[in-house]
Amino acid sequence: MIGLIAATAAGSIASERLTAAWPGRCRVYEGPVREAVARAFAECEGLVCFLATGAAVRLVAPLLTDKAADPGVVCVDEALRHAVALVGGHGGGANELARQVADVLGCAPVVTTATDAVDVPGLDTLGWPVEGAVAAVGRAVLDGEPVRLDADAVHPLPALPPNVSPVDGAVTVDGATADGAAFTLRVTDREVPGEGRTAVLRPPTLVVGVGASRGVGTEEVLELITRTLADAGLSPRSVAELATVDAKADEAGLVEAAARLGVPLVTHPAEVLAAVEVPNPSEAPLAAVGTPSVAEAAALAGAPGGELIVPKRKSSPEGRPAMCTAAVARRRPRGRLAVVGLGPGARDLLTPRAREELRRASVVVGLDQYVDQVRDLLRPGTRVLESGLGAEEERARTAVAEARAGHAVALIGSGDAGVYAMASPALAEASDDIDVTGVPGVTAALAAAAILGAPLGHDHVSISLSDLHTPWEVIERRVRAAAESDLVVTFYNPRSRGRHWQLPKALDILAGHRSPTTPVGIVHAATRADERSSVTTLAALDVEQVDMVTVVVVGNTATRNVAGRMVTPRGYRWQTAGAAETAGTAGTPGASGGEQ
């Protein structure tokens, strides 16, 4: 919950804007400001104070206890010019909150955390527990000191700057280790000796499988888990979940143990666990819950593709039989592939989600001209794999291979990556051994339509005229079906030097079903610096104006030219043809397209 505190009318109005933008996420604290700040600080995960920074500092300072536990505080000035991340930049989430507030209120976020200022990820922002010499190693990363990366496996972390390297030969500095680096960043689920120049990042790789008798106590479960991990030299901070059989989903001792460890309790059907091959099956759980193994099988079920690293162990309560068993499996790290649509080219049409995925990636794969559009947004140390036109399948295979190797990969394309772009070849190549996310982008058709007016107001279809991958006979059949169905048609890849006859042929097919006066829009390089557009007719269209970066939109029999703009009426039953032709739908109640 985000607490909102305002001392003036302007602040109260701004609070209302945040509440409207974030329904269910905000709580307005009223009354004396000092008391409101104190209550919000105790109850919320973040505060937005519409106060002067000096006043906010004096109010918050007595409340601060620990940066790992304190809420983040953002201060917004009276004129709504700046959203200042005051305290709790990383641990409290104030830096991100300041950016979110700025997005809603239209002000500038002010973030002074050093790593954020130079776009280097802080060790405490990587999403995993970190311990050891965090401040010292973080400062070394920031200052460009050589830092040795010592990881048990490749994990999908964001890009780290070039001075953080697993290779030997770093520049020697005072106190350097054998390979030349004075500082070390360890990425491991193993317990390692604490050293003054080592920070340890704990990946969530461990699944603890637990079997239990009815009525088992929480302390017995926790004692067994703690001892099992300690004896194996494993860190409890790398435990991702406790796992057991469905029949134990409501076992209070297991539920409370998971809560105390801060991890979920995940359950599996007995028949699923019975199919898992384990080294130590037993007749007792088979008779009790229908599977010869709970602890070992549940641990492996929670770590598909991983390995059992600690076989089943029993608890050892004094003076009575054991009531629980535990086993530990290690997950194989899963790489991550984000297929990112960059939009039509204008920077302000690149979505916030796309920006975040670019920042999250350690590897970016894409066409060279698309990489150039976003190169300035990539974190220092991002590995860029770019290639020229015609290498779509190679880029898709490369992106999937990098993700399979464990990296966080962004495969980029223009418009929406799922529309005539990289998503389909990449996902055809990918299997279920990597995590995949799609990031939508503004397509060329939508960008062109917005420039032309409202040509896509009713049913429409997009057709690529490139016959490099699709036989022309198939394309022609689709164009003919669209013509007979009276659909608005958007042509992608309409014409190039080597393909000059396809567009005239497609237009001839449409002309057999539509009037010569049917509006046609052409948009070259939508939203880019050399954008140009015009609205003409099916009879008057000059195909010489069209090239590969042009989108051609052909209206249907209802599309009209209204004040130089293409308008295809939505087609509400109560809307008269005369109103649609002379005034379009503008100003007509209910005609916004919101009702489908």
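All figures in this text were calculated on a predicted structure; none of them were measured in a lab. (Residues numbered from 1 in each chain as written. Predicted model: local features only at pLDDT ≥ 70, side-chain atom pairs only at ≥ 80, totals over all residues. Heavy atoms only, no water.)

## Here we look at the side chain of Glu-241
Then comes step 1: For Glu-241, the location among the structural elements is in strand S13 (residues 239-245).
Then comes step 2: Polar side-chain contacts of Glu-241 include one of 2.7 Å to the side chain of Arg-331.
Then comes step 3: Setting aside residues no more than four positions away along its own chain, Glu-241 makes contact with Leu-206, Val-207, Val-208, Val-263, Pro-264, Val-266, Gly-302 and Arg-331. (Helix = DSSP H or I, 4+ residues; strand = E, 2+ residues; numbered from the N terminus. Polar contact = N/O pair within 3.5 Å; in protein donor to acceptor, adjacent residues only side chain to side chain. Contact = heavy atoms within 4.5 Å.)

## A look at the nonpolar core
Then comes step 1: The biggest cluster of nonpolar side chains holds 22 residues, and the ones touching the most others in it are Ile-463, Leu-465, Val-479, Phe-491, Leu-507 and Val-554.
Then comes step 2: Counting residues in each nonpolar core, the second largest holds 21 residues, with Val-208, Val-210, Leu-242 and Val-310 among its members. (Core = buried A, V, L, I, M, F, W, Y, C linked by side-chain atoms within 4.5 Å. Buried < 20%, exposed > 50% of the residue type's maximum accessible area, 1.4 Å probe, protein only.)

## Remarks on the packing of helix H7 (residues 218-231) against helix H8 (residues 252-261)
Then comes step 1: One way to put it is that H7 packs onto H8 with a least axis distance of 8 Å and a crossing angle of 55°. The orientation of H7 relative to H8 falls into the category oblique. Where H7 crosses over H8, the two elements pack in a sense that is right-handed. Contact with H7, carried on its side by Thr-218, Glu-219, Val-221, Leu-222 and Ile-225, involves Ala-252, Gly-253, Leu-254, Glu-256, Ala-257, Arg-260 and Leu-261 of H8 and no other residues of that element.
Then comes step 2: Considered class by class, the residues forming the contact of H7 with H8 number seven nonpolar, two polar and three charged. (Axes fitted to C-alpha atoms, helices over the stretch in contact; angles between N-to-C directions. Parallel < 35°, antiparallel > 145°, perpendicular 65-115°, else oblique. Left-handed = near helix turned anticlockwise from the far one by under 90°. Nonpolar A, V, L, I, M, F, W, Y, C, P; charged D, E, K, R; others polar.)

## Some details on the packing of helix H1 (residues 9-21) against helix H4 (residues 94-105)
Then comes step 1: For the pair H1 and H4, the least separation of the axes is 10 Å and the interaxial angle reads 100°. If you check the angle between H1 and H4, you find them roughly perpendicular. Residue-level contacts link Ala-14, Arg-17, Leu-18 and Ala-21 of H1 to Val-101, Val-104 and Leu-105 of H4.
Then comes step 2: Tallied by class, residues from the contact of H1 with H4 come to six nonpolar, no polar and one charged.

## Regarding the layout of surface pockets
In this approach a probe as big as a water molecule rolls over the atoms, and the regions it shows empty are the leftover space.
Then comes step 1: If you add up the space inside the largest pocket, you get close to 1,400 Å³.
Then comes step 2: Along the wall of the largest pocket there are 42 residues; nearest its centre are Tyr-370, Glu-392, Tyr-420, Asn-493 and Met-548.
Then comes step 3: Contributions of two or more residues to the lining of the largest pocket are made by helix H13 (368-374), helix H14 (392-404), strand S20 (408-413), strand S23 (460-464), helix H17 (472-484) and strand S27 (550-554).
Then comes step 4: Grouping the amino acids of the lining of the largest pocket by side-chain chemistry returns 21 nonpolar, 14 polar and seven charged.
Then comes step 5: A volume near 900 Å³ is recorded for the second largest pocket.
Then comes step 6: Lining the second largest pocket we find 36 residues, and of these Thr-125, Leu-126, Gly-127, Pro-158 and Arg-360 sit closest to its centre.
Then comes step 7: When residues of the lining of the second largest pocket are traced back to their parent elements, those giving at least two are H4, helix H5 (114-117) and helix H12 (352-360).
Then comes step 8: Within the lining of the second largest pocket, the residues separate by chemical class into 12 nonpolar, 11 polar and 13 charged. (1 Å grid on protein atoms, 1.4 Å probe; cavity = no way out; pocket = protein on both sides within 12 Å on 5 of 7 lines; lining within 4 Å. Points joined across faces, edges and corners; volume = space filled by probe spheres on them.)

## Details of the sheet that holds strand S28 (residues 560-562)
Then comes step 1: Read from one edge to the other, the open sheet built from three strands follows the order S22-S29-S28, with strand pairing classed as mixed. What marks the edges here is a single partner per strand, and that holds for strand S22 (453-454) and S28.
Then comes step 2: Two elements, S22 and strand S29 (residues 565-567), share two bridges in a ladder whose sense is parallel. The partner of Gly-453 across the bridge, within S29, is Met-566. (Pairing = 2+ DSSP bridges.)

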